[in-house]
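# Working through the structure, step by step
This is what each chain is made of:
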Amino acid sequence: MHVHSAFGDWFPGGREIILPLFIANGVTGVRDMGGDLPVLFAWRKQIAAGEIIGPRMVVSGPMLDGYLPNNKLRFPSSIPVTTPASAVAAVDSLKDQGADFIKVQSVIPHDSYLAAAAEAHKQGLPIVGHVPDAVRITEVVAAGQKSIEHLMGIFEGCSTEEDKFIKGEGDLKLMLSTQDPQKCETLIKLLAQSQTWQVPTLTWQRGGTFLDQRDLKHQPLDKYVPAYWRDVTWRRFTDQMMPGLLHDPLPLRQQYFARNLQVVGTMHRAGVPFLAGTDTAPGVYIMPGFSLHDELANFVESGFTPMEALQTATSNPAKFLGMANSGSIEAGQTADLVLLGANPLDNIHNTQKIEAVIANGRLFDRAELDHILAQVEVYAKQQK
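Residues numbered from 1 in each chain as written. Predicted model: local features only at pLDDT ≥ 70, side-chain atom pairs only at ≥ 80, totals over all residues. Heavy atoms only, no water.

## With respect to unusual backbone geometry
At the junction of Thr-280 and Ala-281, the peptide bond is cis and its omega measures out at 0° in the coordinates. Here Ala-281 is to be found in the loop between helix H12 (250-269) and helix H13 (290-301). Even without being glycine, His-150 reaches a positive phi, approximately 60°. As for its placement among the helices and strands, His-150 is situated in the loop between strand S7 (147-149) and helix H6 (154-157). Accessibility expressed as a relative area gives 6% for His-150, which makes it buried. (Helix = DSSP H or I, 4+ residues; strand = E, 2+ residues; numbered from the N terminus. Buried < 20%, exposed > 50% of the residue type's maximum accessible area, 1.4 Å probe, protein only.)

The structure is reproduced here in structure tokens:
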């Protein structure tokens with residue numbers, strides 16, 4: 001429920017690598033959270049016609065974001081939004097182009113965000129995404145944002161120093177040392193009452209928080225990675241993230257990630273609804289398909305039962321997207337199924353023991369899935 005598969009020129013080979021890796025891992029549907037609409041629409045058509053292998057897709061198209069101090073946009077597949085009028089125009093344009101929903105990024109200004117949310121509502125489009133830097137999480141809930149990604153705004157909203165974070169003056173140490181249990185309880189109640197969906201992307205969070213601790217030279221899934229992803233896009237990300245990361249000592253980051261797991265469990269027990277997403281492929285070595293299985297394990301680590309973890313990737317997305325004919329196994333439902341060789345309710349890691357995948361009624365047995373993986377490997381090697 002959080003992927004980027006056609007993201008400007010950052011991940012060449014999306015059609016030949018990202019899409020088939022989803023199917024090979026039993027991911028039969030994705031929510032693309034920022035991408036190039038013409039490309040995604042063409043893929044969607046080809047997938048439906050059986051011309052290429054890939055999942056069903058719901059897509060936002062380009063993300064609404066503000067300019068960085070250097071007058072550049074942070075990411076490809078973005079629309080610059082600097083005023084309420086430009087926010088309204090961006091939403092209307094995406095509606096006209098056929099986007100399924102609106103995605104907001106971090107640097108969108110406060111008034112522009114509120115204008116975008118109001119216009120999306122008017123146009124009947126769900127608005128989802130980040131809690132922008134200049135916006136409080138309570139305002140995002142009040143604006144009717146349907147899902148919040150990466151647990152954004154939660155720790156700031158639980159802090160007695162929330163104002164400092166809104167002004168861009170906070171850091172990790174301040175955040176962790178100013179958590180107010182009472183404030184947090186009130187916020188979590190609000191998220192449960194409003195049924196504001198959470199996509200915590202814990203796999204992405206863990207990968208980024210401990211990027212300096214990971215052995216990026218010896219990644220088991222490296223054979224599926226084109227050189228450009230590794231040497232250009234992910235290196236750029238790593239170079240950007242490292243200074244900020246190393247500013248915070250490892251014990252502080254360990255405490256922060258433990259709090260992520262803890263707050264996910266607390267919110268879940270309070271009735272806040274959850275979806276599984278990983279922010280693949282932008283996360284460094286957060287691999288399409290494979291990373292979703294890691295995310296299910298993260299949910300179990302947070303205190304979900306294996307069944308509840310599975311629901312974050314099956315019936316919960318169906319409910320979120322209003323797709324009543326999917327998300328469960330019964331007569332009359334869409335034929336998107338994964339057949340496992342061991343029971344995931346006994347051990348969530350058994351979701352990786354895939355015997356067969358049925359995507360849109362087409363059966364891929366284990367031999368075919370292995371063939372898909374072999375083809376991806378060959379293609380990745382050929383890419384410069």
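## Considerations on the pairing of strand S2 (residues 56-59)
Alignment of strand S1 (residues 29-32) against S2, held across four bridges, turns out to be parallel. Looking at the pairing, Val-30 lines up with Met-57 of S2. Between S1 and its parallel partner S2, the chain crosses via helix H2 (residues 37-48), and the hand of that crossover is right-handed. (Pairing = 2+ DSSP bridges. Right-handed = clockwise from strand over helix to strand, strands pointing away.)

## With respect to helix H3 (residues 84-97)
Each α-helix turn comprises 3.6 residues. Residues three or four places apart therefore point the same way. The first and last C-alpha atoms of H3 sit 20 Å apart over 14 residues, in line with the 20 Å expected at 1.5 Å per residue. Among all positions in H3, only Ala-87, Ala-90, Val-91 and Leu-94 are buried. Projected down its long axis, H3 carries its buried residues within an arc of 95°, all on one side. Projecting away from the buried face of H3 at angles above 90 degrees are the exposed residues Ala-85 and Asp-96. Check the buried side of H3 and you find it contacts H2, strand S3 (63-65), strand S4 (78-80), strand S5 (102-104) and helix H4 (110-122). Remark: Gly-98 follows H3 within two positions and exhibits a positive phi of approximately 95°. (Expected span 1.5 Å × (residues − 1). Arc of directions from axis to C-beta. Contact = heavy atoms within 4.5 Å.)

## Looking at the side chain of Asn-260
Residue position: Asn-260 is located in helix H12. The residues contacting Asn-260, other than those within four sequence positions of it, are Leu-151, Phe-155, Leu-202 and Gln-205.

## Points about the environment of Tyr-113
Tracing the backbone shows Tyr-113 in helix H4. In the structure, Tyr-113 is positioned 22 residues away from Val-135 in sequence and 8.2 Å away in space, judged by C-alpha atoms. Not counting chain neighbours up to four residues away, the residues in contact with Tyr-113 comprise Val-104, Ile-108, Pro-132, Val-135, Val-140, Ala-143 and Gln-145. Engagement of the side chain of Tyr-113 in a polar contact is seen with the side chain of Gln-145, the distance being 2.7 Å. (Polar contact = N/O pair within 3.5 Å; in protein donor to acceptor, adjacent residues only side chain to side chain.)

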